[in-house]
Amino acid sequence: MAKVIVVTSGKGGVGKTTTSASFASGLAMRGNRTVVIDFDVGLRNLDLIMGCERRVVYDIINVINGEVSLKQALIKDKSCDNLYILPASQTRDKDALKLDAVGRILEELKQTFDFVVCDSPAGIESGAFTAMYFADEALIVTNPEVSSVRDSDRILGILAAKSKRAVDGVEPVKEHLLVTRYDPKRVDAGEMLSVEDIQEILRIPLLGVIPESVSVLQASNSGTPAIHIAKSDVAEAYKDVVGRFMGEDLPIRFTVAEKTGFFKRLLGGR
Amino acid sequence: MSMIDGLIEYLRGKDKKTAVIAKERLQIILAHERAGRGGETPDYLPALQEELMAVIAKYIHIDRNSFKVQLEKHDQYDVLELNITLPEKVNTRS
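Residues numbered from 1 in each chain as written. Chains lettered and ligands numbered in written order. Predicted model: local features only at pLDDT ≥ 70, side-chain atom pairs only at ≥ 80, totals over all residues. Heavy atoms only, no water.

Engineer: I'd like to hear about the interface of chain B and chain A, residue by residue, with values.
Structural biologist: On the chain A side, the residues contacting the 13 residues of chain B number 16 residues. Of the roughly 1300 Å² buried at the junction of chain B and chain A (both faces included), carbon and sulfur atoms supply 53%. The three residues of chain B that bury the most area against chain A are K23, L26 and R37 of chain B, which together make up 38% of that side's buried surface. Along the contact surface separating chain B from chain A lie four salt bridges. A salt bridge links K23 of chain B to D197 of chain A; the shortest N-O distance between them is 3.3 Å. At the boundary of chain B with chain A, the tally comes to eight residue pairs in polar contact (both at pLDDT 80 or more). (Contact = heavy atoms within 4.5 Å. Buried area = accessible area lost by both parts, 1.4 Å probe. Salt bridge = Lys/Arg side-chain N within 4 Å of Asp/Glu carboxyl O. Polar contact = N/O pair within 3.5 Å; in protein donor to acceptor, adjacent residues only side chain to side chain.)

Here is the structure:
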(Lines give C-alpha, C1' and ligand atoms only; values in the text may rest on other atoms or scores of the structure.)
Protein backbone atom coordinates (compact mmCIF):
# COMPACT_ATOMS: atom_id res chain seq x y z
CA MET A 1 0.00 0.00 0.00
CA ALA A 2 1.32 3.41 -0.98
CA LYS A 3 2.30 5.79 1.81
CA VAL A 4 1.81 9.55 2.07
CA ILE A 5 4.63 11.22 4.01
CA VAL A 6 4.57 14.90 4.98
CA VAL A 7 7.78 16.82 5.60
CA THR A 8 6.80 19.57 8.01
CA SER A 9 8.13 21.80 10.79
CA GLY A 10 5.98 24.84 11.44
CA LYS A 11 8.99 27.11 11.39
CA GLY A 12 10.47 28.29 8.09
CA GLY A 13 14.06 27.85 6.96
CA VAL A 14 14.79 24.70 8.96
CA GLY A 15 15.32 22.44 5.92
CA LYS A 16 11.93 21.09 4.84
CA THR A 17 12.53 21.46 1.11
CA THR A 18 16.15 20.28 1.38
CA THR A 19 14.86 17.25 3.28
CA SER A 20 11.94 16.59 0.91
CA ALA A 21 14.30 16.65 -2.09
CA SER A 22 16.91 14.38 -0.53
CA PHE A 23 14.46 12.04 1.18
CA ALA A 24 12.38 11.54 -1.99
CA SER A 25 15.58 11.04 -4.03
CA GLY A 26 16.84 8.52 -1.47
CA LEU A 27 13.59 6.53 -1.62
CA ALA A 28 13.75 6.52 -5.44
CA MET A 29 17.44 5.49 -5.44
CA ARG A 30 16.34 2.36 -3.56
CA GLY A 31 13.94 1.50 -6.36
CA ASN A 32 10.74 2.89 -4.86
CA ARG A 33 8.39 4.67 -7.24
CA THR A 34 8.28 8.08 -5.61
CA VAL A 35 6.60 11.43 -6.23
CA VAL A 36 7.41 14.62 -4.35
CA ILE A 37 4.80 17.40 -4.22
CA ASP A 38 5.44 21.06 -3.48
CA PHE A 39 2.58 22.43 -1.34
CA ASP A 40 4.02 25.93 -1.07
CA VAL A 41 1.61 27.61 -3.47
CA GLY A 42 2.79 31.12 -4.30
CA LEU A 43 6.34 30.49 -3.08
CA ARG A 44 7.41 27.33 -4.84
CA ASN A 45 11.04 26.32 -4.44
CA LEU A 46 11.18 22.56 -4.64
CA ASP A 47 11.65 22.86 -8.41
CA LEU A 48 14.83 24.93 -7.84
CA ILE A 49 16.21 22.52 -5.25
CA MET A 50 15.50 19.56 -7.56
CA GLY A 51 16.99 21.46 -10.51
CA CYS A 52 13.92 21.17 -12.73
CA GLU A 53 12.71 24.80 -12.63
CA ARG A 54 13.03 25.30 -16.37
CA ARG A 55 10.98 22.24 -17.14
CA VAL A 56 7.90 23.33 -15.17
CA VAL A 57 4.97 23.72 -17.54
CA TYR A 58 1.93 22.81 -15.44
CA ASP A 59 1.43 22.68 -11.69
CA ILE A 60 -0.80 21.16 -9.02
CA ILE A 61 -3.43 23.92 -9.39
CA ASN A 62 -3.78 23.17 -13.11
CA VAL A 63 -4.46 19.56 -12.13
CA ILE A 64 -6.95 20.56 -9.41
CA ASN A 65 -8.81 22.77 -11.88
CA GLY A 66 -8.94 19.92 -14.37
CA GLU A 67 -6.98 21.84 -17.02
CA VAL A 68 -4.41 19.08 -17.42
CA SER A 69 -4.03 15.47 -16.31
CA LEU A 70 -1.71 14.47 -13.47
CA LYS A 71 0.52 12.71 -16.00
CA GLN A 72 1.00 15.97 -17.93
CA ALA A 73 1.97 17.92 -14.81
CA LEU A 74 4.46 15.42 -13.37
CA ILE A 75 8.11 16.18 -14.11
CA LYS A 76 10.57 13.30 -14.32
CA ASP A 77 13.65 13.80 -12.14
CA LYS A 78 16.95 14.24 -13.96
CA SER A 79 18.93 11.81 -11.82
CA CYS A 80 16.47 9.19 -10.53
CA ASP A 81 14.38 7.02 -12.83
CA ASN A 82 11.69 6.36 -10.25
CA LEU A 83 11.22 9.95 -9.13
CA TYR A 84 8.67 12.54 -10.24
CA ILE A 85 8.03 16.09 -9.10
CA LEU A 86 4.67 17.85 -8.91
CA PRO A 87 5.34 21.61 -8.64
CA ALA A 88 3.28 24.18 -6.80
CA SER A 89 1.69 27.09 -8.62
CA GLN A 90 3.67 30.33 -8.49
CA THR A 91 0.80 32.63 -9.43
CA ARG A 92 -2.21 31.49 -7.38
CA ASP A 93 -2.75 31.92 -3.68
CA LYS A 94 -2.60 29.04 -1.27
CA ASP A 95 -6.36 28.85 -0.75
CA ALA A 96 -6.58 27.39 -4.25
CA LEU A 97 -5.52 24.07 -2.69
CA LYS A 98 -8.94 22.62 -1.89
CA LEU A 99 -8.82 19.79 0.61
CA ASP A 100 -11.09 17.39 -1.28
CA ALA A 101 -9.33 18.06 -4.60
CA VAL A 102 -5.92 17.37 -3.02
CA GLY A 103 -7.37 14.20 -1.53
CA ARG A 104 -8.42 13.02 -4.99
CA ILE A 105 -4.97 13.77 -6.46
CA LEU A 106 -3.23 11.88 -3.66
CA GLU A 107 -5.54 8.88 -4.16
CA GLU A 108 -4.70 8.88 -7.86
CA LEU A 109 -0.95 9.11 -7.16
CA LYS A 110 -1.20 6.24 -4.68
CA GLN A 111 -2.30 3.99 -7.54
CA THR A 112 1.03 4.37 -9.36
CA PHE A 113 3.56 5.30 -6.67
CA ASP A 114 4.93 3.62 -3.54
CA PHE A 115 5.64 6.87 -1.75
CA VAL A 116 4.06 10.32 -1.98
CA VAL A 117 6.27 12.90 -0.25
CA CYS A 118 4.53 16.20 0.59
CA ASP A 119 6.80 19.21 1.06
CA SER A 120 4.85 21.46 3.44
CA PRO A 121 5.11 25.25 3.47
CA ALA A 122 6.06 26.96 6.74
CA GLY A 123 3.38 28.08 9.16
CA ILE A 124 0.08 26.47 10.18
CA GLU A 125 -2.12 28.11 7.56
CA SER A 126 -4.20 26.29 4.96
CA GLY A 127 -1.24 25.25 2.75
CA ALA A 128 0.60 23.58 5.64
CA PHE A 129 -2.63 22.05 6.90
CA THR A 130 -3.51 20.60 3.49
CA ALA A 131 0.00 19.13 3.18
CA MET A 132 -0.28 17.27 6.48
CA TYR A 133 -3.98 16.39 6.48
CA PHE A 134 -3.72 13.19 4.41
CA ALA A 135 -0.38 12.01 5.84
CA ASP A 136 0.25 8.45 6.99
CA GLU A 137 3.65 9.40 8.36
CA ALA A 138 5.34 12.72 9.16
CA LEU A 139 8.95 13.84 9.20
CA ILE A 140 9.19 16.62 11.78
CA VAL A 141 12.18 18.71 10.70
CA THR A 142 13.62 20.49 13.74
CA ASN A 143 16.66 22.69 14.30
CA PRO A 144 18.40 22.61 17.69
CA GLU A 145 16.95 25.99 18.54
CA VAL A 146 14.08 27.06 20.84
CA SER A 147 11.65 28.52 18.29
CA SER A 148 12.00 25.53 15.98
CA VAL A 149 11.41 23.01 18.81
CA ARG A 150 8.37 24.93 20.01
CA ASP A 151 6.88 25.09 16.50
CA SER A 152 7.52 21.37 16.00
CA ASP A 153 5.59 20.68 19.18
CA ARG A 154 2.71 22.76 17.87
CA ILE A 155 2.71 20.81 14.60
CA LEU A 156 2.69 17.52 16.53
CA GLY A 157 -0.39 18.77 18.37
CA ILE A 158 -2.16 19.56 15.10
CA LEU A 159 -1.22 16.17 13.59
CA ALA A 160 -2.59 14.40 16.67
CA ALA A 161 -5.83 16.36 16.73
CA LYS A 162 -6.74 17.50 13.23
CA SER A 163 -5.17 15.22 10.63
CA LYS A 164 -7.45 12.93 8.63
CA ARG A 165 -6.26 9.96 10.64
CA ALA A 166 -7.17 11.76 13.87
CA VAL A 167 -10.56 12.85 12.51
CA ASP A 168 -11.33 9.34 11.22
CA GLY A 169 -10.26 7.86 14.53
CA VAL A 170 -7.87 5.37 12.92
CA GLU A 171 -4.23 4.63 13.81
CA PRO A 172 -2.50 8.00 14.36
CA VAL A 173 0.04 9.56 11.97
CA LYS A 174 3.45 7.94 12.55
CA GLU A 175 5.83 10.70 13.63
CA HIS A 176 9.57 10.83 12.99
CA LEU A 177 11.97 13.40 14.40
CA LEU A 178 14.63 14.70 12.02
CA VAL A 179 17.12 17.09 13.59
CA THR A 180 18.84 19.25 10.98
CA ARG A 181 21.65 21.84 11.01
CA TYR A 182 23.24 20.02 13.94
CA ASP A 183 26.64 21.20 15.13
CA PRO A 184 28.21 18.70 17.60
CA LYS A 185 30.98 21.16 18.49
CA ARG A 186 28.51 23.75 19.69
CA VAL A 187 26.53 21.06 21.51
CA ASP A 188 29.71 20.03 23.35
CA ALA A 189 30.33 23.66 24.25
CA GLY A 190 26.85 23.87 25.78
CA GLU A 191 25.74 26.40 23.20
CA MET A 192 23.25 24.22 21.36
CA LEU A 193 20.45 21.86 22.39
CA SER A 194 21.60 18.26 22.03
CA VAL A 195 19.63 15.71 20.03
CA GLU A 196 18.85 13.96 23.34
CA ASP A 197 17.43 17.21 24.75
CA ILE A 198 15.19 17.66 21.71
CA GLN A 199 14.02 14.06 21.87
CA GLU A 200 13.27 14.39 25.58
CA ILE A 201 11.19 17.50 24.94
CA LEU A 202 9.29 16.37 21.83
CA ARG A 203 9.01 12.69 22.81
CA ILE A 204 8.86 11.19 19.32
CA PRO A 205 11.21 8.59 17.80
CA LEU A 206 14.39 9.91 16.19
CA LEU A 207 14.77 9.16 12.49
CA GLY A 208 18.06 10.94 11.96
CA VAL A 209 20.42 13.83 12.47
CA ILE A 210 21.68 15.97 9.58
CA PRO A 211 24.85 17.91 10.42
CA GLU A 212 25.27 21.59 9.61
CA SER A 213 27.27 21.62 6.40
CA VAL A 214 28.49 23.83 3.59
CA SER A 215 27.40 21.21 1.08
CA VAL A 216 23.69 22.04 1.55
CA LEU A 217 24.20 25.48 0.01
CA GLN A 218 26.40 24.01 -2.72
CA ALA A 219 23.66 21.50 -3.48
CA SER A 220 20.97 24.16 -3.74
CA ASN A 221 23.26 26.41 -5.81
CA SER A 222 23.57 23.69 -8.41
CA GLY A 223 20.01 22.33 -8.23
CA THR A 224 21.10 18.91 -7.03
CA PRO A 225 19.50 17.33 -3.96
CA ALA A 226 22.11 17.18 -1.15
CA ILE A 227 21.91 13.38 -1.04
CA HIS A 228 23.77 13.31 -4.40
CA ILE A 229 26.78 15.34 -3.19
CA ALA A 230 29.58 12.78 -3.15
CA LYS A 231 31.58 12.29 0.05
CA SER A 232 29.54 14.80 2.04
CA ASP A 233 28.32 14.13 5.61
CA VAL A 234 24.90 15.46 4.67
CA ALA A 235 24.48 12.96 1.82
CA GLU A 236 25.55 10.09 4.08
CA ALA A 237 23.22 11.28 6.85
CA TYR A 238 20.26 11.46 4.44
CA LYS A 239 21.05 7.97 3.09
CA ASP A 240 20.97 6.72 6.71
CA VAL A 241 17.62 8.47 7.23
CA VAL A 242 16.13 6.70 4.20
CA GLY A 243 17.62 3.39 5.37
CA ARG A 244 16.08 3.75 8.82
CA PHE A 245 12.77 4.78 7.30
CA MET A 246 12.85 1.54 5.28
CA GLY A 247 13.35 -0.38 8.52
CA GLU A 248 17.14 -0.79 8.68
CA ASP A 249 18.82 -0.57 12.07
CA LEU A 250 21.56 2.00 11.47
CA PRO A 251 23.50 3.85 14.18
CA ILE A 252 23.11 7.64 14.34
CA ARG A 253 26.23 9.27 12.84
CA PHE A 254 27.71 12.78 12.79
CA THR A 255 26.63 13.67 16.33
CA VAL A 256 30.13 13.56 17.83
CA ALA A 257 32.51 16.48 17.25
CA GLU A 258 35.62 15.61 15.27
CA LYS A 259 38.80 16.25 17.16
CA THR A 260 40.84 18.94 15.42
CA GLY A 261 44.33 17.53 14.94
CA PHE A 262 47.44 19.35 16.08
CA PHE A 263 48.68 20.06 12.57
CA LYS A 264 45.27 21.17 11.38
CA ARG A 265 45.07 23.61 14.28
CA LEU A 266 48.59 24.79 13.52
CA LEU A 267 47.56 25.41 9.92
CA GLY A 268 44.53 27.37 11.03
CA GLY A 269 41.90 24.79 10.14
CA ARG A 270 38.72 24.62 12.15
CA MET B 1 39.92 32.32 31.64
CA SER B 2 41.91 32.06 34.83
CA MET B 3 40.85 29.85 37.70
CA ILE B 4 39.90 32.89 39.77
CA ASP B 5 37.59 34.18 37.04
CA GLY B 6 36.07 30.76 36.75
CA LEU B 7 35.53 30.62 40.50
CA ILE B 8 33.93 34.07 40.57
CA GLU B 9 31.65 33.15 37.71
CA TYR B 10 30.73 29.91 39.46
CA LEU B 11 29.93 31.72 42.73
CA ARG B 12 27.79 34.21 40.89
CA GLY B 13 25.87 31.33 39.39
CA LYS B 14 26.47 32.57 35.88
CA ASP B 15 28.02 29.37 34.60
CA LYS B 16 24.78 27.88 33.32
CA LYS B 17 25.23 27.00 29.67
CA THR B 18 22.73 28.56 27.27
CA ALA B 19 21.70 25.12 25.99
CA VAL B 20 20.58 24.22 29.52
CA ILE B 21 18.62 27.47 29.76
CA ALA B 22 17.02 26.72 26.37
CA LYS B 23 15.93 23.27 27.50
CA GLU B 24 14.44 24.53 30.76
CA ARG B 25 12.57 27.35 29.02
CA LEU B 26 11.17 24.95 26.43
CA GLN B 27 10.04 22.43 29.05
CA ILE B 28 8.11 25.11 30.91
CA ILE B 29 6.47 26.80 27.93
CA LEU B 30 5.60 23.53 26.20
CA ALA B 31 4.02 22.05 29.34
CA HIS B 32 1.87 25.16 29.47
CA GLU B 33 1.00 25.13 25.76
CA ARG B 34 0.23 21.40 25.74
CA ALA B 35 -2.09 21.87 28.70
CA GLY B 36 -3.94 24.64 26.87
CA ARG B 37 -4.41 22.59 23.73
CA GLY B 38 -7.53 20.96 25.08
CA GLY B 39 -8.81 17.43 24.70
CA GLU B 40 -5.80 15.65 26.10
CA THR B 41 -5.08 15.64 29.83
CA PRO B 42 -1.93 17.54 30.75
CA ASP B 43 1.02 15.24 31.39
CA TYR B 44 1.80 16.67 34.83
CA LEU B 45 -1.50 15.42 36.26
CA PRO B 46 -0.32 11.98 37.48
CA ALA B 47 2.74 13.53 39.16
CA LEU B 48 0.58 16.22 40.72
CA GLN B 49 -1.79 13.57 42.06
CA GLU B 50 1.09 11.58 43.59
CA GLU B 51 2.54 14.63 45.32
CA LEU B 52 -0.79 15.88 46.63
CA MET B 53 -1.57 12.44 47.94
CA ALA B 54 1.77 12.29 49.74
CA VAL B 55 1.12 15.62 51.44
CA ILE B 56 -2.40 14.71 52.54
CA ALA B 57 -1.29 11.28 53.76
CA LYS B 58 1.04 13.04 56.19
CA TYR B 59 -1.98 14.34 58.10
CA ILE B 60 -4.86 12.03 57.30
CA HIS B 61 -4.86 8.34 56.65
CA ILE B 62 -6.46 8.02 53.22
CA ASP B 63 -7.16 5.27 50.81
CA ARG B 64 -5.58 5.57 47.35
CA ASN B 65 -8.88 4.80 45.70
CA SER B 66 -10.68 7.56 47.53
CA PHE B 67 -8.49 10.22 45.95
CA LYS B 68 -9.23 11.77 42.55
CA VAL B 69 -7.66 14.66 40.66
CA GLN B 70 -9.43 15.94 37.57
CA LEU B 71 -8.99 18.84 35.24
CA GLU B 72 -12.17 20.11 33.66
CA LYS B 73 -12.00 22.48 30.75
CA HIS B 74 -14.50 25.27 30.28
CA ASP B 75 -14.53 28.10 27.75
CA GLN B 76 -13.02 30.81 29.91
CA TYR B 77 -11.44 28.81 32.72
CA ASP B 78 -10.30 25.35 33.81
CA VAL B 79 -11.25 23.70 37.06
CA LEU B 80 -8.78 21.54 38.93
CA GLU B 81 -10.94 19.28 41.04
CA LEU B 82 -9.67 17.31 44.05
CA ASN B 83 -12.04 14.73 45.34
CA ILE B 84 -11.00 13.04 48.56
CA THR B 85 -13.29 10.83 50.53
CA LEU B 86 -12.22 10.99 54.14
CA PRO B 87 -12.37 7.79 56.15
CA GLU B 88 -14.66 7.33 59.12
CA LYS B 89 -13.47 8.46 62.54
CA VAL B 90 -12.10 5.04 63.53
CA ASN B 91 -9.22 5.23 61.03
CA THR B 92 -8.20 8.79 61.80
CA ARG B 93 -4.80 9.23 63.34
CA SER B 94 -5.07 11.01 66.63
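Engineer: Go over the nonpolar core with me, naming the residues and quoting the values.
Structural biologist: Counting 53 residues, the largest nonpolar core has I37 and L109 of chain A as the members making the most contacts within it. Setting aside chain neighbours within four positions, we find I37 of chain A in contact with L46, I60, L86, L106, L109, V116, V117, C118 and D119 of chain A. (Core = buried A, V, L, I, M, F, W, Y, C linked by side-chain atoms within 4.5 Å. Buried < 20%, exposed > 50% of the residue type's maximum accessible area, 1.4 Å probe, protein only.)

Engineer: Can you lay out the layout of surface pockets for me, pointing to particular residues and giving the numbers?
Structural biologist: The computed volume of the second largest pocket comes to approximately 510 Å³. Only α1 (16-29), β7 (174-182), β8 (206-211) and α11 (215-222) of chain A provide two or more residues apiece to the lining of the second largest pocket. (1 Å grid on protein atoms, 1.4 Å probe; cavity = no way out; pocket = protein on both sides within 12 Å on 5 of 7 lines; lining within 4 Å. Points joined across faces, edges and corners; volume = space filled by probe spheres on them. Helix = DSSP H or I, 4+ residues; strand = E, 2+ residues; numbered from the N terminus.)

Engineer: Help me get a handle on the packing of aromatic side chains, residues and values and all.
Structural biologist: Residues and elements named next belong to chain A. Following the criterion strictly, the structure yields five aromatic pairs over all chains and no others. Between Y84 and F113 the ring centres are 5.8 Å apart and the planes differ by 65°, which places this aromatic pair in the edge-to-face class. Within this pair, whereas Y84 is found in strand β4 (residues 83-86), its partner F113 is found in the loop between α5 (99-112) and β5 (115-119), the two being separated by 29 residues in sequence. A relative accessible area of 26% means that Y84 is categorised as partly exposed. Given the relative accessible area of 8%, F113 is considered buried. Seen from their ring centres, F115 and F245 are 6.0 Å apart, and the 65° between their planes marks the pair as edge-to-face. (Phe/Tyr/Trp six-rings, centres within 6.5 Å; stacked < 30°, edge-to-face > 60°.)

Engineer: Provide a residue-level description of the confidence of the model for chain B, including the pertinent values.
Structural biologist: Residues and elements named next belong to chain B. In this model, chain B carries a mean pLDDT of 77, and residues with pLDDT of at least 70 account for 70%. Model confidence for chain B, summarised as mean pLDDT per element, is weakest for helix α1 (residues 3-12) at 66 and strongest for helix α2 (residues 18-36) at 90. Here the predicted complex carries an ipTM of 0.85, next to a pTM of 0.80. (pLDDT = per-residue confidence, 0-100.)

Engineer: Quick rundown of the pattern of salt bridges? Include the residues and the values.
Structural biologist: Residues and elements named next belong to chain A. All chains considered together, the criterion is met by 19 salt bridges over all chains. Ionic pairing is found between E236 and R253, a salt bridge with its closest N-O pair at 3.2 Å. With E236 in helix α12 (residues 233-245) and R253 in the loop between α12 and α13 (262-266), this residue pair connects regions lying 17 residues apart in the sequence. Residue class for E236 comes out partly exposed when judged on its relative accessible area of 28%. Salt-bridge contacts for D240 lead to R253; the nearest nitrogen and oxygen are separated by 2.9 Å.

Engineer: Tell me about the sheet that holds strand β1 (residues 3-8) of chain A, and please be specific about residues and values.
Structural biologist: Residues and elements named next belong to chain A. With mixed pairing, the eight strands of this open sheet are ordered in space as β3-β4-β2-β5-β1-β6-β7-β8. Both edges of this open sheet fall to β3 (75-76) and β8, since each of them pairs with a single strand only. Across the sheet, α1 touches β1, β2 (34-38), β4, β5, β6 (137-142) and β7, and the angle it forms with β5 is around 170°. Contacts from helix α7 (residues 146-162) reach β1, β6 and β7 within the one sheet, and its direction differs from that of β6 by about 165°. (Pairing = 2+ DSSP bridges. Axes fitted to C-alpha atoms, helices over the stretch in contact; angles between N-to-C directions.)

Engineer: How would you sum up the packing of helix α6 (residues 126-133) of chain A against α7 of chain A? Please name residues and give values.
Structural biologist: Between two packed helices, both the angle of their axes relative to each other and the distance between the axes serve to describe the pair. Residue and element names in this part refer to chain A. In the contact formed by α6 and α7, the axes pass within 11 Å of each other and the chain directions differ by 55°. Taken together, the axes of α6 and α7 are oblique relative to one another. Judged by the twist between their axes, the crossing of α6 over α7 is right-handed. Contacts between α6 and α7 pair F129, M132 and Y133 from the former with I155, I158, L159 and K162 from the latter. Its residues assigned to classes, the contact of α6 with α7 shows six nonpolar, no polar and one charged. (Parallel < 35°, antiparallel > 145°, perpendicular 65-115°, else oblique. Left-handed = near helix turned anticlockwise from the far one by under 90°. Nonpolar A, V, L, I, M, F, W, Y, C, P; charged D, E, K, R; others polar.)

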